[in-house]
Amino acid sequence: QVQLVESGGGLVQPGTSLRLSCAASGFAFRVYPMSWYRQAPGKERELVATISSAGSSTNYADSMKGRFTISRDNAKNTVYLQMNSLKPEDTAVYYCNLKVGVRDYWGQGTQVTVAS
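Residues take numbers from 1 onward in each chain, read along the sequence in its written order. It should be noted that, the model being predicted, local features are given only for residues of pLDDT at least 70 and side-chain atom pairs only at 80 or more, the latter also being counted only at that level, while totals for whole chains, interfaces and linings use all residues. To get the side-chain values, take all heavy atoms of the structure and skip hydrogens and water.

**Things to note about the sheet that holds strand 7 (residues 68-73)**
- Paired strands, as defined in this entry, are two strands with at least two bridges between them according to DSSP. Helical segments are the DSSP runs of H or I of at least four residues, strand segments are the runs of E of at least two, and each set is numbered from the N terminus. Strands sit in the order 1-3-8-7 across an open sheet of four strands; the sheet is antiparallel. The sheet terminates laterally at strand 1 (3-7) and strand 7, the two strands that pair on one side only. With strand direction ignored, the average angle separating the axes of adjacent strands in the sheet is 15°.
- Looking at chain direction, strand 3 (residues 18-25) and strand 8 (residues 78-83) are connected through six bridges and run antiparallel. If you follow Cys22 over to strand 8, its bridge partner there is Val79. The axes are straight lines fitted to the C-alpha atoms, using for helices just the contacting stretch, and the angles between their N-to-C directions are given from 0 to 180°.

**Quick look at the pattern of salt bridges**
- For this analysis, a salt bridge means a side-chain nitrogen from Lys or Arg found within 4 Å of a carboxyl oxygen belonging to Asp or Glu. Here the structure, examined in full by the defined rule, presents five salt bridges.
- The closest approach of N and O atoms between Arg38 and Glu46, which form a salt bridge, is 2.7 Å.
- Of the residues examined, Arg38 reaches a relative accessible area of 6% and is grouped as buried.
- In this structure, Lys99 and Asp104 form a salt bridge, with 3.0 Å as the shortest nitrogen-oxygen distance.
- Buried residues are those whose accessible area, probed at 1.4 Å on protein chains only, stays under 20% of the maximum for their type, while exposed residues exceed 50% and partly exposed ones sit between those limits. Overall, Lys99 belongs to the partly exposed group, its relative accessible area being 40%.
- The exposure class of Asp104 is partly exposed, given its relative accessible area of 32%.
- One salt-bridge network, in which partners are shared between bridges, spans Arg38, Glu46, Arg67 and Asp90.

If you want it as structure tokens, here you go:
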């Protein structure tokens, strides 16, 4: 039943911005914290950011702190990731994540490529 669908990725130049979206369905979205992860080729999936159920608390990985902003609209069952000052090292597939107890749910991912 749980479905997470990411969108908004693409090819952009360094220093520019993108906003990713994750459309959620099949669960009580407003009750759960949500996260963004990313995975570059040959690397492990890494946590980018998390947001509490009401959106009042956020946490970021050090490399994204100050450049990325996670937000959510519970009325639209959507999580966002605003990415500013993009760097080539941000190139990765970005995934939306839901944790329910010990179980993880993932979207299909959206590709972000940062290159000149």
